[in-house]
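Descriptive structure summary
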Amino acid sequence: QVQLVESGGGLVQAGGSLRLSCAASGRTFSSNAMGWFRQAPGKEREFVSAFNWSGRSIVYADSVKGRFTMSRDNAKNTVYLQMNSLKPEDTAIYYCAASQRSSSVQIRAEMYDYWGQGTQVTVAL
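What comes next concerns the included structure.

Basis of the calculations
- Residues numbered from 1 in each chain as written.
- Predicted model: local features only at pLDDT ≥ 70, side-chain atom pairs only at ≥ 80, totals over all residues.
- Heavy atoms only, no water.
- Core = buried A, V, L, I, M, F, W, Y, C linked by side-chain atoms within 4.5 Å.
- Buried < 20%, exposed > 50% of the residue type's maximum accessible area, 1.4 Å probe, protein only.
- Helix = DSSP H or I, 4+ residues; strand = E, 2+ residues; numbered from the N terminus.
- Contact = heavy atoms within 4.5 Å.
- Pairing = 2+ DSSP bridges.
- Axes fitted to C-alpha atoms, helices over the stretch in contact; angles between N-to-C directions.
- 1 Å grid on protein atoms, 1.4 Å probe; cavity = no way out; pocket = protein on both sides within 12 Å on 5 of 7 lines; lining within 4 Å.
- Points joined across faces, edges and corners; volume = space filled by probe spheres on them.
- Nonpolar A, V, L, I, M, F, W, Y, C, P; charged D, E, K, R; others polar.

A few words on the nonpolar core. Residues W36, F68, M70, L81, M83 and Y94 are the most contacted members of the largest nonpolar core, which totals 33 residues. Contributing elements (two or more residues each) for this core: β3 (18-25), β4 (34-39), β5 (46-51), β7 (68-73), β8 (78-83), β9 (92-98) and β11 (119-124). Here this core gets 5 residues from one element, more than from any other, and that element is β9. Those residues in contact with M70, other than ones at most four positions away along the chain, are M34, G35, W36, S49, A50, F51, I58, Y60, V79, Y80 and L81.

Quick look at the structure:
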């Protein structure tokens, strides 16, 4: 059974930092695309970042570019999202996702087959 488990969310002041982790179990995703998405209350789920199987090709949403960094540790089967200079508009539930069918960067949610349960990030003024 494949599981993705996010952790690291919480409450932080604007300008602060958080690091989200996404630990995969049940299979390895070292050859697959991985991504982060978020959903704020009353809004659609939106793309945050994604990389290809090697982690060398990374795409970020314009809203987080320069502030967020996505990385992976294949030995730990874990993906990270380092979030710096957080803003209140970053408040959302953050989800990691893994694609079973693709090894290249995917920014569309429908290209992902596995999703975590989400972790809440709240940025206060």
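The element β8 is largely enclosed, with a buried count of 5 among its 6 residues. Sheet topology note: the β3/β8 ladder contains 6 bridges and is antiparallel. Residue pairing for β8: C22 is matched across the bridge by V79. Across 6 bridges, the pairing between β7 and β8 is antiparallel. Within β8, the residue paired with F68 across the bridge is M83.

With antiparallel pairing, 4 strands are arranged side by side in an open sheet as β1-β3-β8-β7. Edge strands, defined here as strands with exactly one partner in the open sheet, are β1 (3-7) and β7. Here the average twist between neighbouring strands, direction ignored, is 15°. When β1 meets β3, the two strands line up antiparallel, connected through 5 bridges. Following the sheet pairing, Q3 is matched in β3 by S25.

All right, on to empty space enclosed by the protein then. Take a probe with the size of a water molecule and roll it over the atoms, and the empty space left behind shows itself. Scanning the model with the defined rule gives 1 cavity of 30 Å³ or more in all. Estimated volume of the largest cavity: approximately 60 Å³. Lining the largest cavity, in full, are C22, A24, F29, S30, M34, R72, N74, N77, T78 and V79. Contributions of two or more residues to the lining of the largest cavity are made by β3 and β8. Along the lines of polarity and charge, the residues of the lining of the largest cavity split into 5 nonpolar, 4 polar and 1 charged.

So, about unusual backbone geometry. Here the phi dihedral of N77 falls at roughly 55°; this positive angle occurs in a residue that is not glycine. By the element assignment, N77 lies in the loop between β7 and β8. The backbone phi angle of S85 is positive, close to 50°, even though this residue is not glycine. Note on S85: relative accessible area 38%, which makes it partly exposed.

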